[in-house]
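Each chain, written out:
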Amino acid sequence: MNIDKLKGLAAGALRRIHATGWIGVAVLFVAGIFSWIGFNYALETTNTEEFCISCHEMKDNSYAEYRLTTHASSRSGVRASCPDCHVPKSFGPKMVAKMRASKDVYHNILGTIDTPEKFNARRLHMAEAVWERMKATDSRECRGCHDDRSFDYVKQSRRSAQMHQEGLNAGQTCIDCHKGVAHRLPNVEQAIGAEKGGAPQEIFHPAPPSGGAAGT
């Protein structure tokens, strides 16, 4: 009798544990859903133009320059905003970009570029960092809108068609030539007159890589 009673108690305990386990799974499942919703909301919120220009450093400098370009306003109404050019579409590279951008918060707190003078002093450094990343990804974000395989050279100017074909045959990518399309370029040292403290011209127009597509 005592054995049967012990078995009954053990079975009841197991049923309670089993039920509690399923409740725990359900709680974790619901918590996971809400965590994902919160994560996705934060991700999308920080991936908007409004968020990008929420600090005055970007709004008064980069955004003010961007507004004067065809990326901000065009005859067809097609528009590329900050995240279109600076945030990858696929999840993995997007997370890398978000983590890298976290240093912007740090520099915002320090006031690294909180005046036009400070911003311009670091303009070349910031531009080169972006150009290097775009070069490494074969101008991935540019290709979100521009597809060189769909170029209609007949509709391009003679010079544009020639330069595009020469660049592609030489293995160059968009950012090799199209710097300064959305933001003002850093000062250029032209080797005439007084020194301007600018960057050498080779930075803006690098030589095509040796052994490009034309030579393969």
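Look up: the structure comes first, before these words.
Residues numbered from 1 in each chain as written. Predicted model: local features only at pLDDT ≥ 70, side-chain atom pairs only at ≥ 80, totals over all residues. Heavy atoms only, no water.

Novice: Whenever I open this one, the overall build of the protein chain confuses me. Can you help?
Specialist: Secondary structure summary: the protein chain contains ten helices and two strands in total. Secondary structure of the protein chain in N-to-C order comes out as α-α-α-α-α-α-α-α-α-β-β-α. Across the 216 residues in the protein chain, those meeting the buried criterion constitute 22%. Intrachain contacts of the protein chain at a sequence separation of at least 6 include 63% that bridge at least 24 residues. (Helix = DSSP H or I, 4+ residues; strand = E, 2+ residues; numbered from the N terminus. Buried < 20%, exposed > 50% of the residue type's maximum accessible area, 1.4 Å probe, protein only. Contact = heavy atoms within 4.5 Å.)

Novice: What exactly am I supposed to notice about the nonpolar core here?
Specialist: Buried together is how nonpolar side chains tend to be arranged in soluble globular proteins. Ile53, Tyr63, Tyr66, Ala72 and Ala182 together form the largest nonpolar core, which totals five residues. Beyond its immediate chain neighbours, meaning those up to four positions away, tyrosine 63 contacts Glu49, Ile53, Met58 and Arg79. (Core = buried A, V, L, I, M, F, W, Y, C linked by side-chain atoms within 4.5 Å.)

Novice: Whenever I open this one, the pattern of salt bridges confuses me. Can you help?
Specialist: Side-chain pairing between opposite charges can occur once the charged atoms of the two side chains come close. All chains considered together, the criterion is met by eight salt bridges. Among the ionic pairs, aspartate 138 bridges to arginine 143, the shortest N-O distance being 3.1 Å. Overall, the relative accessible area of 39% leaves aspartate 138 in the partly exposed class. Several salt bridges converge on common partners, so that one network encompasses Asp138, Arg143 and Asp148. (Salt bridge = Lys/Arg side-chain N within 4 Å of Asp/Glu carboxyl O.)

Novice: Before we go on, may I ask you to explain the environment of arginine 140 in this structure?
Specialist: Of note, arginine 140 is situated in the loop between helix H7 (123–136) and helix H8 (158–169). Sequence separation between arginine 140 and valine 87 is 53 residues, and the spatial gap between their C-alpha atoms is 9.9 Å. With sequence-adjacent residues up to four places away left out, arginine 140 is seen in contact with Pro88 and Pro93.

Novice: In this structure, what is going on with a nonpolar patch on the surface? I would like to understand it.
Specialist: Taken together, Phe29, Val30, Ile33, Phe34 and Ile37 make up a surface patch of nonpolar side chains, about 510 Å² in accessible area. Take isoleucine 33: it is sitting in helix H1 (residues 2–45). (Patch = residues over 30% accessible without salt bridge, like charges linked within 9 Å, V, L, I, M, F, W, Y side chains within 5 Å. Areas by Shrake-Rupley, 256 points an atom, 1.4 Å probe, with all protein chains shown as cover.)

Novice: Can you walk me through the packing of aromatic side chains in this structure?
Specialist: Between two aromatic rings, the relevant description is the distance of the centres plus the angle of the planes. Throughout the structure, instances matching the rule amount to four aromatic pairs. Seen in terms of ring centroids, tryptophan 36 and phenylalanine 39 are 5.5 Å apart; in terms of plane orientation they differ by 35°. Their pairing is tilted. Residue tryptophan 36 and its partner phenylalanine 39 are both found in helix H1; the two are separated by three residues, about one turn of the helix. Phenylalanine 39 gets classed as partly exposed once you look at its relative accessible area, which sits at 33%. Consider the rings of phenylalanine 151 and tyrosine 153, whose centres lie 5.8 Å apart with planes at 75°: the pair is edge-to-face. Taking the relative accessible area as the measure of exposure, tyrosine 153 reaches 26% and is therefore partly exposed. (Phe/Tyr/Trp six-rings, centres within 6.5 Å; stacked < 30°, edge-to-face > 60°.)

Novice: Explanation requested: H7 in the structure shown.
Specialist: A turn of α-helix holds 3.6 residues, and therefore any two residues three or four places apart point the same way. The end-to-end C-alpha distance of H7, which contains 14 residues, comes to 20 Å, matching closely the 20 Å that a straight helix rising 1.5 Å per residue would cover. Here H7 has its buried residues at Arg123, Ala127, Trp131 and Met134. For H7, the arc enclosing every buried residue in end-on projection is 65°, short of the 170-degree limit, so these residues lie on one face. Set apart from the buried face of H7 by more than 90 degrees, the exposed residues are Glu132 and Ala136. (Expected span 1.5 Å × (residues − 1). Arc of directions from axis to C-beta.)

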